[in-house]
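So the chains spell out like this:
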Amino acid sequence: MNDECKAELQKAVEASKGKTLRELFAKDPARARKFTLSAAGWTLDYSKNLVDRQVMGHLMAMARAAGLAVEIERMFTGERINATENRAVLHTALRNVDPEAQVFVDGRDVMPDVRKTLDRMEEFSIKVRTGKWRGFTGKRIRHVVNIGIGGSDLGPAMASVALTPYSKRSIKCHFVSNVDPTHLAETLRAVKPAETLFIVASKTFTTQETMSNAEAARSWLVERLGDRGAVAKHFVAVSTAAEEVERFGIDTENMFGFWDWVGGRYSLPSAIGLSLMISIGPRNFRKMLKGYSRMDRHFRTAPFERNMPVVLALLGILYSNGYGAQSYAVLPYDQYLSRLSAYLQQLDMESNGKCVDKDGRPVCCDTGPVVWGEPGTNGQHAFYQLLHQGTRFVPCDFIGECRTHNPVGDLHDKLMANFFAQTQALAFGKTADECRAEGVPEGLVPFKTFEGNRPTNTLLADELTPETFGALVALYEHKVFVQGVVWNIYSFDQWGVQLGKVLAKGVLSDLTGERQSFSQDASTNALIERYRKVLGRTRR
Ligand code: G6Q
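So, here is what we can say about the structure in this document. Computed from a predicted model, the values in this text were never measured in an experiment.

With respect to the sheet that holds strand S10 (residues 327-332)
Pairing is mixed across the open sheet formed by six strands, whose spatial order is S1-S2-S13-S12-S10-S11. Bordering the open sheet on either side are strand S1 (36-39) and strand S11 (370-372), each of which pairs with just one other strand. Strand-to-strand twist of the sheet, defined as the mean angle between neighbouring strand axes without regard to direction, takes the value 20°. Here S1 runs beside strand S2 (residues 42-45); their pairing, made up of four bridges, is antiparallel. Its bridge partner lying in S2, Ala39 is registered against Trp42. Seen against the sheet, helix H18 (residues 411-428) touches strand S12 (396-401) and strand S13 (456-461) and runs at an angle of roughly 155° to S12.

What follows is the structure, given as structure tokens:
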């Protein structure tokens, strides 16, 4: 974070501290309206934050001092802003629905390839959905198993739950990511080989977990169907690595490509979303892209003061760096968004979990926070106690919709009553006097008092549709981007992930090799020894 940003943040913190939400609301009856924004089908009410016009003014000045406007344009126009990997960052091109749009990387328009891949995905999805594409024995595909991990899993896995109401119920999507054999084995128990399509989703097609699971699935299929030729009808690939795909035995005709300028955790709107497209159909998939694109346009063009990703990002920085918040909670009051926080964990923590700035120097302040959460109201019966009365400061995003896809009696009204009531309780708490007025015995007053003043954002849409879902994901993507810009860190690399990919290889050879002496540290060596003993791999 540069000095000018630090100074503005400091002013924002000074102007913010000591203010209570009770006072802020009492002072300004128009506060809720003033601190509410709309974009791409979402309303953001951020009035229950520890801010007023003055605080927001300093936060906006901080964004300007970071050169945010320039950075936004650099991303959208395909500059190589992912400098440590020397790549452009163009997930926004994947959902650019303008048929005339051109987006250049090194002088080449990428949009024709983007459109072509989408059209190929569409053609293939329709074949699978209508039964034109059949398995080796002539049966229709009833199960789609996406084998991938990290960015090649979390997006489609989260989205296929989120958009269940739009799914073709006769085709079930499964996601296998973990190299724990249990994940694959339990999935294979639930499917029939003759009716199953495997999508091997891996940008590099070398990731150990994915390739091991894909090889095991291929053996299972060949064994069950009794013919190696079956692979062609039951395996397709999503990758950037054509040679590796061929080596695995998948015809590149059945490979759907993407490009090095699509980061794994930003790849849901690319061919990585193939399983989702098969499930919800191309039309709904394109509606999702439209939703993404509406939020992209809003982010690129709205003034910072009215810009939803910018506002969310700056509030997050205020709390991370000004109030010492170590985490934030994402609390969707929608069962269909049950995987959202797992998805956002990767998006945010992999992007902004960095300790050096763009010049390679240690950062001067905390960067990406810990992200966590569970759908409401379950969390209310679990961890909300800490949110209300714990010693930690945890800002929260509450996400909900006015209409449910499943109207059952008054259940949705009850859900939303909790949704609204929780942010109210967190903001305004309950004073000791209020407790007394309710007749709480004096000895219990300290326990029943709620300090309040705990900030929340409320995100509300009419309904969770492919459009609003796409817009929601884009909102968080851009929020993370803005924070990376202010912190002056590289948000689009992930060297920590690469480290893990290398480390396990050395340990694996100690676990399985002939050698009885191991090359790790003393603790790890002892654990390896114990493991090998149980498996009878210790020579006496
Ligand atoms: C995402 C990360 C990481 C990646 C996985 C899978 O941004 O780079 O989560 O997506 O490691 O990589 P492959 O797609 O290459 O298998």
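Focus on the pattern of salt bridges
One pass over the full model with this rule turns up 30 salt bridges. For Lys6, the salt bridge identified is with Asp3, shortest N-O distance 3.5 Å. Here Lys6 and its partner Asp3 are both found in helix H1 (residues 3-16), three residues apart, which amounts to about one turn of the helix. With a shortest N-O distance of 2.8 Å, Asp52 and Lys19 are connected by a salt bridge. Of this pair, Asp52 sits in the loop between S2 and helix H4 (53-65) while Lys19 sits in the loop between H1 and helix H2 (21-27), placing them 33 residues apart in sequence. Asp52 gets classed as buried once you look at its relative accessible area, which sits at 14%. Residues joined in a network through salt bridges with shared partners are Glu71, Arg74 and Glu79.

Overview of unusual backbone geometry
Glycine aside, the phi torsion of most residues is negative, and most peptide linkages are trans. With an omega of 0°, the peptide bond between Gly376 and Thr377 qualifies as cis. Of note in the backbone geometry, Asn453 takes a positive phi value of approximately 65° without being a glycine. Its location among the elements puts Asn453 in the loop between helix H20 (445-448) and S13. Classification of Asn453 by relative accessible area gives partly exposed; the value is 22%.

Remarks on the pairing of S2
Connecting S1 to the antiparallel partner S2 that follows it, the hairpin turn spans two residues, and Ala40 within it adopts a positive phi of roughly 45°. As judged from the four bridges shared by S2 and S13, these two strands associate in the antiparallel manner. What sits directly across from Thr43, in S13, is Leu460.

A short note on the site of the ligand
In the neighbourhood of the ligand, 15 residues make up the surrounding shell, with Ser152, Ser202, Lys203, Thr204 and Thr207 lying closest. Taking Ser152, its side chain carries an N or O atom lying 2.7 Å from an oxygen atom of the ligand. Note that an oxygen atom of the ligand is positioned 2.8 Å from one of the side-chain N or O atoms of Gln346. Here the ligand loses 92% of its free accessible area of 410 Å² to cover by the protein chains. Contributions of two or more residues to the shell around the ligand are made by helix H16 (340-352) and helix H22 (495-512).

Side note on the side chain of Gln346
Of note, Gln346 is situated in helix H16. Those residues within four positions of Gln346 in sequence are excluded, and the remaining contacts are Gly150, Gly151, Leu154, Arg265 and Ser351.

Re the packing of helix H5 (residues 68-76) against helix H14 (residues 282-301)
At a closest axis distance of 10 Å, the pairing of H5 and H14 adopts a crossing angle of 140°. In terms of axis orientation, H5 runs oblique to H14. Listed contacts from H14 to Ile72, Glu73, Met75 and Phe76 of H5 are Asp296, Phe299 and Arg300. When its residues are assigned to classes, the contact of H5 with H14 shows four nonpolar, no polar and three charged.

Describing the environment of Thr182
By secondary structure assignment, the location of Thr182 is in helix H9 (residues 181-189). In this structure the C-alpha to C-alpha distance between Thr182 and Gly376, which are 194 residues apart in sequence, comes to 29 Å.

So, the packing of helix H8 (residues 154-162) against H16
Across the interface, H8 lies against H16 with an axial gap of 9 Å and an inter-helix angle of 155°. Overall, the two elements H8 and H16 adopt an arrangement that is roughly antiparallel. Crossing geometry of H8 relative to H16 is assigned as left-handed. The residues of H16 that touch H8, namely those facing Leu154, Gly155 and Met158, are Leu340, Ala342, Tyr343 and Gln346. Classifying every residue of the contact of H8 with H16 gives five nonpolar, two polar and no charged.

With respect to a negative patch on the surface
Residues Glu243, Glu246, Asp251 and Glu253 make up a contiguous surface patch of negative charge. Looking at where Glu253 falls in the secondary structure, it is placed in the loop between helix H12 (242-248) and strand S9 (255-257).

Comments concerning the sheet that holds strand S8 (residues 235-239)
Within a sheet, each strand pairs with its neighbour through backbone hydrogen bonds, oriented either parallel or antiparallel. The strand order S6-S5-S7-S8-S9 describes an open sheet built from five strands, whose pairing is parallel. In this open sheet, the two strands that pair with only one neighbour each are strand S6 (172-176) and S9. Each strand axis lies, on average, 20° off the axis of its neighbour in the sheet, ignoring direction. Both strand S5 (residues 143-147) and strand S7 (residues 196-201) contribute to a ladder of five bridges, which runs parallel. The partner of His143 across the bridge, within S7, is Thr196. Helix H7 (residues 111-130) rests against S7, S8 and S9 of the sheet, and its axis sits at about 145° to S9. Most of the contacts of H9 go to S6, to which it runs at about 160°, and overall it touches S5, S6 and S7.

Rules and cut-offs
- Residues numbered from 1 in each chain as written.
- Predicted model: local features only at pLDDT ≥ 70, side-chain atom pairs only at ≥ 80, totals over all residues.
- Heavy atoms only, no water.
- Pairing = 2+ DSSP bridges.
- Helix = DSSP H or I, 4+ residues; strand = E, 2+ residues; numbered from the N terminus.
- Axes fitted to C-alpha atoms, helices over the stretch in contact; angles between N-to-C directions.
- Contact = heavy atoms within 4.5 Å.
- Salt bridge = Lys/Arg side-chain N within 4 Å of Asp/Glu carboxyl O.
- Buried < 20%, exposed > 50% of the residue type's maximum accessible area, 1.4 Å probe, protein only.
- Near = heavy atom within 4 Å.
- Polar contact = N/O pair within 3.5 Å; in protein donor to acceptor, adjacent residues only side chain to side chain.
- Areas by Shrake-Rupley, 256 points an atom, 1.4 Å probe, with all protein chains shown as cover.
- Parallel < 35°, antiparallel > 145°, perpendicular 65-115°, else oblique.
- Nonpolar A, V, L, I, M, F, W, Y, C, P; charged D, E, K, R; others polar.
- Left-handed = near helix turned anticlockwise from the far one by under 90°.
- Patch = residues over 30% accessible without salt bridge, like charges linked within 9 Å, V, L, I, M, F, W, Y side chains within 5 Å.
- Lys, Arg positive; Asp, Glu negative; His and termini not counted.
- Charge placed at Lys NZ, Arg CZ, Asp CG, Glu CD.

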